[in-house]
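Spelled out from the first residue to the last, the chains are:
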Amino acid sequence: MLQVRIHGRGGQGVVSAAEMLSVAAFLEGKHAQAVPSFGSERMGAPVVAFCRIDDKEIRLREPVLEPNALIVQDPTLFQAIDVFNGLPDDGYLLINTGRDIVELGIENAVEQLPEGHVCTVPATEIALKYVKRPLPNAVLLGALSAVTGVIKIESVEEAIKSKFPGKIGEANIAAARAAYQSTSTES
Amino acid sequence: MANQQVKFYQTGTLTVGNRLLDSKLRTVQATMDRSNSLDSGHRACQGCGEALGARYAIDAAMRATNNQLIAANATGCLEVFTTPYPESAWRIPWMHSLFGNAPAVATGIAAAMKVKGKNDVRVIAQGGDGGTTDIGFGCLSGMFERNDDVLYICYDNQGYMNTGVQRSSATPGGARTATTMPLGPEPGADFDKGKNVPLIAMAHNIPYVATASVDRLHDLEAKVKKAMSIRGARYIQIFVPCPLGWGSNPANTIQVARLAVECGMYPLFEAEFGEIISSTKIRRKVQVEEYLKLQRRFAHVLKNPDQLQLVQSVADKNIQKFSLMGFQGGEV
Amino acid sequence: MLKQIEGSHGVAEAVGLCRPEVICAYPITPQTHIVEDLGALVKKGQLTDCEFINVESEFAALSVGIGSSAAGARTYTATASQGLLYMAEAVYNASGLGLPIVMTVGNRAIGSPINIWNDQSDSMSMRDAGWIQLFAETNQQAIDVHIQAFKIAETLSMPVMVCMDGFILTHAYERMDVPDQEQVDRFLPPFEPRQVLDPADPKSIGAMVGPEAFTEVRYIAHHKQMQALKVIPQIAEEFKGIFGRDSGGLISTYRADDADTLIVTLGSVIGTISEVIDEMRDKGQKIGAVTIRSFRPFPLDEIHEVLKNTRRVVVFEKCLAVGLGGIVASNVRMAHRGQTSPVYTVIGGLGGRPITRASLQELFEKAMTDDLEETTFLDLKQDVVDQEMEREKKFSRSGAIAENILRDVGVVDVAKTT
């Protein structure tokens, strides 16, 4: 079973990201469970969402305590909460940022992670370019596909389309694919 | 010999004897084919205004809907005295759920009729002032706001009578109830409280609001008939004296109701979509004393000039606000 | 058809397939998505011959439902927590009148203190109101049980509450098999009421009943619920015949046959518990679980049978009988009468506190050596409790308990409030 934990703030589409990831896995014939961890619904408050993917029925209902992949949609969270809690030594880390690990001040937290497991993606910028809105969630899923290979980019695109039909969906798909391609060439 | 105009006082008055009227002009109660929706054998007190009002109102509604009527009833006197298990005095499909939800239950029945395409079946919700102005108020407002196709009839005897005569928000200033006793420096119910539900109903902009009294039953029937010709939320509030609760002689129920209207304490009017379209003029104005002195609940008021003045000022304000003077004569 | 959708949406689709005629909606977390989805289905014309009514309170929601059900319309509503309590009078009224209303309860804690997260206190507060109470373990079951609920309700002329854990199930995106209309139509015929408001055949419903007859009326209500103990499994069998799934019924078991220790629980937590049981079984520990699917009527005989041979019972419940201990445990103890093996009460997950494999494992290990108190609060922060007790001893104006504790656990920033 693969466990993904997505951190962000209210309004950044964290919950949608987990849902779309679960749909992508479903489209590949897998079982997937996406659950939000709610505070009161409020823009800007820290939000966490979980996604589990497996080949068989998923019975586990606890929060994702040991994420195989951690997605951080908002780097300001590093100062606010313990984002890295439970991240195993072979885990993946994707951060929505144009800065590098040292600039973010988290190099100590991630030094144990293997080569190629830490990835920074300027997802908000990419989203602004393709979607004209600062919503990094679909973009990061494209990057996740490239970095971890957990789901295929085609599945991510189908999942985005099912959630956002029409032009918005197409724009998000383009953004996700752009992140997928740029992340693939980096690693 | 010159023709002499003979005035038959039994027509063109408030009486319902009707023998001298064309059958089309008679009250529903005066016809042989009345539905008797609220049949005899119920256990209301002698002289109960509510039993009288309900009998007239529901039969009028049945006539107007060709006997296609369902009623939801709030807890209260009417419900209790008409359905002592295992008997029922109702000859219509009738349901009692709770004290505060008659309007909502009626909404549900109306929705069921709509979804089943039974457009000719109409729905009435009914209750006393307690169930309407107080505990049922939220549901009443909800039904009004949604404009559900329900006629709500409130039988206003100005207190929670079934439970032993306690004060409701319809209890008039000065009145004695078990929770507003005539004791101390301010005996009876407070004057600066209470709510006018007909005006609140009007504020919801519903198609029809009316007040009526059991002293003029033609008028009551006409208002119910008119209400049933309209679709959407409607409200009729009927003044119904309670001899037991008010300390009045059961034989005087009609007279007490008459005097309430004629002194201005109970304005009768109709409104459509928030605007008053008609009001009943007072035929022979009397001072409030004439009305109060028939009821022991106001005994202390009659001995208290300040309170008496307050009651009179309520009547005077009504007369002004609802334009109750200027009776022109003619049919009532 | 297999779909990856939110639990609430699955429930909405399932309810829609049952051809409800009147739906009353009042929003309350965490059921809101269910009524929103149903509203959308009606507005788009996908769900036809259905009146969707936005009411002004939960009390109104169930009251409208009482009216429409009494008038012969298949009726549905949903609520949780505070809303269920607000309609409490109507809850008793509906069952007393024998109206087959189906209502989803998105299980949520009850305030004060206000809390929007999952536990089962709300359903438990209405356990004796005369409704059938069915608990879903997964979202697939939630879909299936809702469909069965309409049939159970209409067969018995009794309202049914379908309980599903708020957020954990309602807001989880999962793979669900949503049945098709043809299957549901085969399973669920149109509603034929036992009593109905009809001008063609006038009846009075809701009379006052005095001492001379009240006991008999109540006895019949109890008797009918006992009949449900047979009807519920029957309908689950019929369901399986058409839909191919074993959803519903009175209880389910997991590796219980030779277990020395049996965990008894309700709802979604069995998922996590099953994982822990598998790990422990791999180490040779004989542990299993029983999940109660029908809480009312309470399957005394079935539970007695399944607990009969075990060495100890641990009841894991997401609710609390303040001043006593366990609600579910008390009910289980009644089923377990005559047996000498102990029944331990564990209160967990209150107000949405996560239930982790690690905590469960530790708890079960303790249970297996009978190293458990009669009543245990899982993951209780004893130091926080002690701090508040000290505070109350020291100061007569010790302050509001909830606010004090929030400060102690660091949720409220002390610096900003002093």
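Residues numbered from 1 in each chain as written. Chains lettered and ligands numbered in written order. Predicted model: local features only at pLDDT ≥ 70, side-chain atom pairs only at ≥ 80, totals over all residues.

It is worth spelling out the overall build of chain C at this point. Looking only at helices and strands, one finds 16 helices and 16 strands in chain C. Overall, the C-alpha framework of chain C stretches about 70 × 55 × 55 Å when taken along its three principal axes. Relative to its full complement of 418 residues, chain C shows a buried share of 53%. A sequence separation of at least 24 residues applies to 78% of the contacts in chain C between residues at least 6 apart. (Helix = DSSP H or I, 4+ residues; strand = E, 2+ residues; numbered from the N terminus. Buried ≥ 20, exposed ≤ 12 C-beta atoms within 10 Å, placed from the backbone. Contact = placed C-beta atoms within 7 Å.)

This part is about the overall build of chain A. For chain A, the helix and strand inventory stands at eight helices and six strands. Counting from the amino terminus, chain A carries its helices and strands in the arrangement β-α-β-β-β-α-β-α-α-β-α-α-α-α. In terms of C-alpha radius of gyration, chain A reaches 15 Å, essentially the compact-globule figure of 16 Å for 187 residues. In terms of overall dimensions, chain A has C-alpha extents of about 40 × 40 × 35 Å along its principal axes. By the burial criterion, 51% of the 187 residues in chain A qualify as buried. (Rg over C-alpha atoms; globule rule 2.2 N^0.38 Å.)

Residues and elements named next belong to chain B. With respect to the element layout, Tyr208 can be found in strand β5 (residues 208-213). Tyr208 sits 28 residues away from Ile236 along the chain, and the two C-alpha atoms are 8.2 Å apart. Other than its neighbours up to four places away in sequence, Tyr208 contacts Lys226, Ala227, Ile230, Arg234 and Glu272.

Let's shift gears to the arrangement of the chains. By contact count, the leading pair among the two pairs of chains in contact is chains B and C. A gap remains between chain A and chain B, which never touch, and the nearest two C-alpha atoms on either side lie 27 Å apart.

Partitioning chain C into domains gives domain 1 (2-243), domain 2 (251-377) and domain 3 (389-417). Computed from C-alpha coordinates alone, the two centres of domain 2 of chain C and domain 3 of chain C are separated by 34 Å. (Domains from an automatic or database assignment.)

The next subject is the packing of helix α11 (residues 300-307) of chain C against helix α12 (residues 327-335) of chain C. Residues and elements named next belong to chain C. At a minimum axis distance of 8 Å, the contact between α11 and α12 shows a crossing angle of 75 degrees. By the angle class used here, α11 and α12 are roughly perpendicular. Packed against α11, whose contacting residues are Leu300, Ile303, His304 and Leu307, the element α12 presents Val332, Met334 and Ala335 at the interface. (Axes fitted to C-alpha atoms, helices over the stretch in contact; angles between N-to-C directions. Parallel < 35°, antiparallel > 145°, perpendicular 65-115°, else oblique.)

Take the interface of chain C and chain A next. Taken together, the 18 residues of chain C in the interface contact 17 residues of chain A. Breaking the side of chain C that touches chain A down by element, the ones donating at least two residues are β8 (173-177) and α10 (269-282) of chain C. Its residues assigned to classes, the side of chain C that touches chain A shows seven nonpolar, seven polar and four charged. (Nonpolar A, V, L, I, M, F, W, Y, C, P; charged D, E, K, R; others polar.)

Among soluble globular proteins, nonpolar side chains are generally buried collectively. In this structure, Ala49(A), Leu94(A) and Ile109(B) are the most contacted members of the largest nonpolar core, which totals 289 residues. Residue assignment places this core across two domains, with domain 1 (2-243) and domain 2 (251-377) of chain C each supplying three or more. (Core = buried A, V, L, I, M, F, W, Y, C linked by C-beta atoms within 7 Å.)

A few words now on the sheet that holds strand β7 (residues 269-272) of chain B. Backbone-to-backbone hydrogen bonds join strands into a sheet, with any given pair of strands oriented parallel or antiparallel. As summarised here, the arrangement of the nine strands in space is β8(B)-β7(B)-β5(B)-β6(B)-β4(B)-β3(B)-β1(B)-β2(B)-β9(C), forming an open sheet in which the pairing is mixed. In this open sheet, the two strands that pair with only one neighbour each are β8 (275-279) of chain B together with β9 (204-205) of chain C. Note: strand β1 (residues 69-73) of chain B against strand β3 (residues 122-128) of chain B, five bridges, orientation parallel. What sits directly across from Leu69(B), in β3(B), is Arg122(B). Contacts from helix α3 (residues 102-115) of chain B reach β1, β2 (94-96), β3 and β4 (150-156) of chain B within the one sheet, and its direction differs from that of β3(B) by about 175 degrees. (Pairing = 2+ DSSP bridges.)

Another aspect to go through is the interface of chain C and chain B. Interface size, as often reported, equals the accessible area lost upon joining of the parts. Counting residues at the interface gives 37 residues for chain C and 37 residues for chain B. Broken down by secondary-structure element, the contributors of at least two residues to the side of chain C that touches chain B are β3 (51-54), α3 (58-70), α5 (88-96) and β9 of chain C. If one sorts the elements of the side of chain C that touches chain B by residue count, α3(C) sits on top with nine residues. When the residues that make up the side of chain C that touches chain B are grouped by side-chain class, the tally is 20 nonpolar, 10 polar and seven charged.

Let us now look at α10(C). Residue and element names in this part refer to chain C. The terminal C-alpha atoms of α10 lie 20 Å apart, and with 14 residues this matches the ideal 20 Å at 1.5 Å per residue to within 8%. Buried within α10 are the following residues: Val269, Ile270, Gly271, Thr272, Ile273, Val276, Ile277 and Met280. Looking at the buried residues of α10, the elements they touch are β10 (251-254), β11 (261-265), β12 (287-292), β14 (312-317) and α13 (357-368). Once α10 ends, the next one or two residues include Gly284, with phi positive near 90 degrees. (Expected span 1.5 Å × (residues − 1).)

Right, let's get into the sheet that holds β11(C). Residue and element names in this part refer to chain C. Pairing in this open sheet of six strands is mixed, and the strands run β10-β12-β11-β14-β15-β16 from one edge to the other. The sheet is open, and its two borders are formed by β10 and β16 (375-377), each paired with just one other strand. Averaged over all neighbouring strand pairs, the angle between strand axes comes to 20 degrees, with direction disregarded. Relative to β16, strand β15 (residues 343-347) is paired through three bridges, and the arrangement is parallel. Bridged to Thr345 within β16 is Thr375. Set on the sheet, α11 makes contact with β10, β11, β12 and β14; between it and β10 the angle comes to about 15 degrees. The strands touched by α13 within the sheet are β11, β12, β14 and β15, with β11 carrying the most contacts at an inclination of about 130 degrees.

All names here are of chain A. Of the two faces of strand β4 (residues 69-72), the one lined by Ala69 and Ile71 and the one lined by Leu70 and Val72 are each fully buried. Examined bridge by bridge, strand β1 (residues 2-9) and β4 share four bridges and lie parallel to one another. Across the sheet, His7 pairs through a bridge with Val72, a residue of β4. Pairing of β4 with strand β5 (residues 92-96), which is carried by four bridges, proceeds in the parallel orientation. For Val72, the partnering residue across the bridge sits in β5 and is Ile95.

All right, on to the packing of α10(C) against α13(C) then. All names here are of chain C. At a closest axis distance of 10 Å, the pairing of α10 and α13 adopts a crossing angle of 55 degrees. In terms of orientation, α10 lies oblique with respect to α13. Seen along the crossing, α10 lies across α13 with a hand that is right-handed. Contacts from Thr272, Ile273, Glu275, Val276 and Met280 in α10 reach Arg357, Leu360, Gln361 and Phe364 in α13. Of the residues that constitute the contact of α10 with α13, the class distribution is five nonpolar, two polar and two charged. (Left-handed = near helix turned anticlockwise from the far one by under 90°.)

Residue and element names in this part refer to chain A. Following the sequence through the fold, Ser162 ends up in helix α7 (residues 153-163). Exposure remark for Ser162: the 17 C-beta atoms within 10 Å place this residue in the partly exposed category. Once the C-alpha coordinates of Ser162 and Ala24 are considered, the two residues, 138 residues apart in sequence, prove to be 9.7 Å apart.

Our next topic: unusual backbone geometry. A cis amide bond, omega 5 degrees, links Tyr85(B) with the succeeding residue Pro86(B). Tracing the backbone through its elements, the reader meets Pro86(B) in the loop between α2 (77-82) and β2. The residue after Ser112(C), namely Pro113(C), is reached through a cis peptide bond having omega 0 degrees. Mapped onto the secondary structure, Pro113(C) falls in the loop between β5 (102-107) and α6 (121-125). Positive phi outside glycine occurs at Lys132(A), with the angle close to 65 degrees. Tracing the sequence through the fold places Lys132(A) in the loop between α5 (123-131) and α6 (137-148). The backbone of Gln158(B) shows a phi angle near 60 degrees, a positive value even though the residue is not glycine.

For chain C, the average pLDDT comes to 95, and 98% of its residues sit at 70 or higher. Reported confidence for the predicted complex is 0.92 by ipTM and 0.93 by pTM. (pLDDT = per-residue confidence, 0-100.)

The next point concerns α3(C). All names here are of chain C. Between its first and last C-alpha, α3 extends 18 Å over 13 residues, near the 18 Å set by a 1.5 Å rise per residue. Most of α3 is tucked away, with 13 of its 13 residues classed as buried. Within two residues after α3, Gly72 carries a phi angle of roughly 95 degrees, on the positive side.

The next point concerns the pairing of strand β6 (residues 132-135) of chain C. All names here are of chain C. The alternating pattern of β6 places Ile132 and Leu134 on one face and Gln133 and Phe135 on the opposite face, and all of these are buried. As paired elements, β6 and strand β7 (residues 160-165) share four bridges and run parallel to each other. Each bridged residue has a counterpart across the sheet, and for Ile132 the counterpart in β7 is Val160. When β6 meets strand β13 (residues 294-296), the two strands line up antiparallel, connected through two bridges. Counterpart to Gln133 in the pairing with β13 is Arg296.

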